[in-house]
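The primary structure of each chain is shown beneath.
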Amino acid sequence: MPTWRCVKQCGACCHLDPTDRPDLEDYLLSTELALYLSMVGDDGWCVHFDKATRECSVYDDRPRFCRVEPDVFQDLFGVEPTELNDFAIACCQEQIEGVYGDRSLEQLRFEREVGIGPISNIDL
Ligand code: SF4
Ligand code: SF4
């Protein structure tokens, strides 16, 4: 069974451009929305995203809305903990497609590492 995990060298969900996420107001508290918008850099990427390493520079202190955790997703999106795995996989695929492309190296690597598709044995 495919199992969600965050793969290294991705960072697609750190591309925060609000024009790509028109429903932010539907699930973020007003204080969280203000924080979110304050984190968007001129190029649409989070100001805390290190593009050289593709890692979060404030990982241990990242906001609640950056955390793929059962209580967070239940509260923000109404996703039951038992549905989190499939929901998170779909979210990542959508985000990676939007940022890097559907057949990008990042998408292929993600699908391989979570156990989707026919390429799970190919070294990317
Ligand atoms: S899109 Fe998914 S795999 Fe990529 S950095 Fe975000 S959580 Fe990790
Ligand atoms: S705070 Fe970190 S995890 Fe959250 S969007 Fe910015 S770089 Fe990504």
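The following paragraphs examine the structure supplied in this document. (Residues numbered from 1 in each chain as written. Chains lettered and ligands numbered in written order. Predicted model: local features only at pLDDT ≥ 70, side-chain atom pairs only at ≥ 80, totals over all residues.)

1. Side note on the site of ligand 2
Formally: Using a C-beta atom placed from the backbone for every residue, we mark a residue as near a molecule or strand if that atom lies within 6 Å of it. Just so you know the grouping, Ala, Val, Leu, Ile, Met, Phe, Trp, Tyr, Cys and Pro go in nonpolar, Asp, Glu, Lys and Arg go in charged, and all remaining residues, Gly too, go in polar.
Taken together, C14, L16, M39, C46, H48, F49, C56, V58, R62 and C66 make up the full set of residues near ligand 2. For the shell around ligand 2, the class distribution of residues is 8 nonpolar, 1 polar and 1 charged.

2. Quick notes on the nonpolar core
As a reminder of what qualifies: In this usage, the nonpolar core is the set of buried Ala, Val, Leu, Ile, Met, Phe, Trp, Tyr and Cys residues whose C-beta atoms join them within 7 Å. Three classes are used. A residue is buried when 20 or more other C-beta atoms lie within 10 Å of its own, exposed when 12 or fewer do, and partly exposed in between, with C-beta atoms placed from the backbone. Only DSSP runs of H or I with at least four residues qualify as helices, and only runs of E with at least two residues qualify as strands; both kinds are numbered from the N terminus onward. A pair of residues counts as a contact when their C-beta atoms, built from backbone coordinates, are within 7 Å of each other.
Among the nonpolar cores identified, the biggest contains 11 residues, and these are C10, A12, C13, C14, L16, C46, C92, I96, V99, F110 and V114. No other element matches the 3 residues that helix α4 (residues 84-100) contributes to this core. Beyond its immediate sequence surroundings of up to four residues, V99 is in contact with A12 and H15.

3. A short note on the site of ligand 1
Lining the immediate surroundings of ligand 1 are C6, V7, C10, G11, A12, C13, C92, Q95, I96 and F110. The element contributing the most residues to the shell around ligand 1 is α4, with 3 residues. Residue composition of the shell around ligand 1, grouped by class: 8 nonpolar, 2 polar and no charged.

4. Brief notes about helix α5 (residues 105-114)
Since the α-helix turns once every 3.6 residues, residues separated by three or four places project in the same direction. Note the following rule: The arc in question is formed by the directions pointing from the helix axis toward the C-beta atoms.
Buried within α5 are the following residues: E106, Q107, F110, E111 and V114. Viewed along the axis of α5, the buried residues span an arc of 130°, placing them on a single side of the element. A positive backbone phi angle near 95° is found at G115, which sits one or two residues after α5.

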